[in-house]
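Inside the fold
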Amino acid sequence: MGYRKQVINKNFNNTNVNNHYSEDFKTFYKSNIEFIARIIIESLGSISSNQHNNITFSNVNKLETQCKLSNGLILLASHYGNWELACSMLPKHTNLPVYGVYKPLKNKAADQLMLDKRSKHGLHLIPMKKIGRTILENRNNNISAIYILIADQNPNSKNSIIWSQFLGVKTAFFNGPMKLYQKYKFNVSYMEVEVGDKLFEYKININTDIYLGENGEHLVSSYSQVLESQIIEAPQYWLWSHKRWKRTF
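Since we're looking at a predicted model, the values are computed, not measured.

**Comments concerning the overall build of the protein chain**
- What the protein chain contains, in helices and strands, is nine helices and nine strands.
- Judged by the C-alpha coordinates and their principal axes, the protein chain covers about 55 × 45 × 35 Å.
- Counting all 249 residues of the protein chain, 52% fall into the buried class.
- Considering only contacts within the protein chain whose residues lie at least 6 apart along the sequence, 76% involve residues at least 24 apart.
- A total accessible area of about 12,800 Å² is found for the protein chain, and carbon and sulfur atoms account for 48% of it.
- For the protein chain, the centre of its 30 positive side-chain charges and the centre of its 19 negative side-chain charges are spaced 10 Å apart.

This is how it looks when you write it as structure tokens:
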């Protein structure tokens, strides 16, 4: 059958992506699986000094300015491109502390291995339940920090849902970024990942044009629209293998 082929097929055919994608599902599935394999290779392998140079960041200065203006910044990311590599490499390009919010694994040994791998270049990983405490500690010490949230996963709890149109489907998003904005009034940016042809070749652009509305009510819809534009342009680089719309279809 192929890896998660039924899930990918269901996701692909129930969204509007196939209206923009000229190839058939068989071709799309092959390219998506090949990219998943590339992510695995990059995650397990070691990156050389030359390959470091193939991972470039743009608009970091603007990101730093926005972070200092609001004494902290929410940097939204997604499961597009090699998101883990992009998040883990950002600290090499800024002097500001960078925190990645994550969900700990149940297996403690696997969790520690993951922490060691992702924090190798200076990324501080914190469980979601500790982000409030971390923000308060940094604010009390007048530390402006960047907090990365991967915001395109399906929410675990019905109480944490906000709905938005995404790829032609009414989609449940996690309301955590909006709640953090409403509480701390941080500036918000988005990490756009462009995939290159070679292993470890990525261009990461920091998009600071996220429309929030008066009190963050448009944050999620703005985020979903930016991500949707990326996916429609090159859908094979998004993680289609997770059950993103299990609350919808």
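Still to come is the rest of the account.
**Notes on the packing of helix α1 (residues 5-14) against helix α2 (residues 25-44)**
- The contact between α1 and α2 brings their axes to 11 Å, and the two run at 120°. Taken as axis vectors, α1 and α2 run oblique relative to one another. The interaxial crossing formed by α1 with α2 has right-handed handedness. Counting all contacts with α1, which are made through K5, I8, N9 and F12, the residues of α2 involved are F25, F28, Y29, N32 and I33.

**Section: the packing of aromatic side chains**
- The tally for this structure, following the rule as stated, stands at 21 aromatic pairs.
- Both rings, one in F12 and one in Y21, keep their centres 6.1 Å apart while their planes meet at 90°; by these two values the pair is edge-to-face.
- Considering the side-chain rings of F12 and W240, the 6.3 Å spacing of their centres and the 70° angle between planes classify their relative orientation as edge-to-face. Remark: W240 occurs in the segment after α9 (219-233) and F12 occurs in helix α1; sequence separation between them is 228 residues.
- Residue F12 is classed as buried on the basis of its relative accessible area of 3%.
- In this structure W240 comes out as buried when scored by relative accessible area, which is 0%.
- Within the aromatic cluster, the residues linked to one another by ring pairs are F12, Y21, F25, F28, Y29, F166, F173, Y190, Y223, W238, W240 and W245.

**Let's talk about helix α7 (residues 131-140)**
- For α7, the full list of buried residues reads I131, T134, I135 and N138. Buried residues of α7, seen end-on, are gathered within an arc of 100° and therefore sit on one face of the element. Exposed residues pointing more than 90 degrees away from the buried face of α7 are listed as R133 and N140.
- The inward-facing, buried residues of α7 abut β3 (98-102), β4 (124-127), β5 (146-150) and α8 (176-184).
- At the exit of α7 stands N142, carrying a positive phi of roughly 55°.

Calculation rules
Residues numbered from 1 in each chain as written. Predicted model: local features only at pLDDT ≥ 70, side-chain atom pairs only at ≥ 80, totals over all residues. Heavy atoms only, no water. Helix = DSSP H or I, 4+ residues; strand = E, 2+ residues; numbered from the N terminus. Buried < 20%, exposed > 50% of the residue type's maximum accessible area, 1.4 Å probe, protein only. Contact = heavy atoms within 4.5 Å. Areas by Shrake-Rupley, 256 points an atom, 1.4 Å probe, with all protein chains shown as cover. Lys, Arg positive; Asp, Glu negative; His and termini not counted. Charge placed at Lys NZ, Arg CZ, Asp CG, Glu CD. Axes fitted to C-alpha atoms, helices over the stretch in contact; angles between N-to-C directions. Parallel < 35°, antiparallel > 145°, perpendicular 65-115°, else oblique. Left-handed = near helix turned anticlockwise from the far one by under 90°. Phe/Tyr/Trp six-rings, centres within 6.5 Å; stacked < 30°, edge-to-face > 60°. Arc of directions from axis to C-beta.

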